[in-house]
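Here are the chains, one letter per residue:
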Amino acid sequence: MLREIPIFKDLSDEELDKIENISIIKHYKKGEIFFLEGEKPLYLSILLDGKLKIYKTSPKGKEIFIHEILPINFVAELANFENITYPASSSFSEDSTILRIDYLKFEEMFLKNSQVAFALLKSFSAKIKAMNKVIIKEIIWDSEGKVANFICENFEAFQTLKYSNIAKILNISPETFSRVITKFKKLDLLKTDENGKIVDFNKKELLKYFKF
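Now for a look at the structure at hand. (Residues numbered from 1 in each chain as written. Predicted model: local features only at pLDDT ≥ 70, side-chain atom pairs only at ≥ 80, totals over all residues. Heavy atoms only, no water.)

### Quick word on helix H8 (residues 174-186)
Piece 1. With 13 residues, H8 should reach 18 Å at 1.5 Å per residue; the first-to-last C-alpha distance of 18 Å fits that figure.
Piece 2. Listing the buried residues of H8 in full gives Thr176, Phe177, Val180, Ile181 and Phe184. The buried side chains of H8 occupy one side of the element, clustering within an arc of 135 degrees when seen end-on. Residues of H8 that are exposed and point over 90 degrees away from its buried face: Glu175, Arg179 and Lys186.
Piece 3. Elements in contact with the buried residues of H8: helix H5 (143-153), helix H6 (155-160), helix H7 (163-170), strand E9 (190-192), strand E10 (198-201) and helix H9 (203-206). (Helix = DSSP H or I, 4+ residues; strand = E, 2+ residues; numbered from the N terminus. Expected span 1.5 Å × (residues − 1). Buried < 20%, exposed > 50% of the residue type's maximum accessible area, 1.4 Å probe, protein only. Arc of directions from axis to C-beta. Contact = heavy atoms within 4.5 Å.)

Laid out in structure tokens, this is it:
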């Protein structure tokens, strides 16, 4: 199983045995909390299957969605690397499986391996990009920009998810989301079929709502 994880695929059998000896696999149910903001990480975690939501909680208790982790990816590895507490919280969006590796032993054994270290750096970069996008979304984009961006980048999800779920992801109210969709339809930015289902969108015009 370890060899199916991209960063481990070129390791020797001996190295894989070492990782196996410092690892455990845990299964989680949809809705379970994986970690809370402020907790100290003890393991380097890799999501093997399922989905994991990363979010912050405002002082008023509002949940602010950051991003969703899909398999096969590290989870909050920067907290391990920097020896800091988790900067956000996480919960499972569906039944999931996590590989948990004793980080201190992993660091001692493997971070001198250039392939493994480079994979961690790539993962750090992806997480920083995700955080930058959250900052842009929350500070710069208005509701129309958030909805337009989601449609352009996640149209399949837009067609399948409930509007209330998308609104929660975008940190706007369901009523605001519905008003934006109605406006986009009136402006002919969203194309519907004879049953009223949205089947296409005008990407060129929607880009104007969130591109600078």
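### A word on the packing of H7 against H8
Piece 1. With their axes 9 Å apart at the nearest point, H7 and H8 run at an angle of 105 degrees to one another. Relative to H8, the element H7 is oriented roughly perpendicular. Residue-level inspection shows Tyr163, Ile166, Ala167 and Leu170 of H7 in contact with H8, the latter providing Pro174, Phe177 and Ile181.
Piece 2. When the residues that make up the contact of H7 with H8 are grouped by side-chain class, the tally is seven nonpolar, no polar and no charged. (Axes fitted to C-alpha atoms, helices over the stretch in contact; angles between N-to-C directions. Parallel < 35°, antiparallel > 145°, perpendicular 65-115°, else oblique. Nonpolar A, V, L, I, M, F, W, Y, C, P; charged D, E, K, R; others polar.)

### Side note on the sheet that holds strand E5 (residues 63-69)
Piece 1. The strand order E2-E7-E4-E5 describes an open sheet built from four strands, whose pairing is antiparallel. The open sheet is flanked by strand E2 (33-35) and E5, the only strands paired with a single partner. Neighbour-to-neighbour, the strand axes of this sheet turn through a mean angle of 30 degrees, independent of strand direction.
Piece 2. Taken together, the two bridges between E2 and strand E7 (residues 89-92) define a ladder with antiparallel strand orientation. Bridged to Phe35 within E7 is Ser90. (Pairing = 2+ DSSP bridges.)

Limitation: the analysis is restricted to geometry and does not speak to function.
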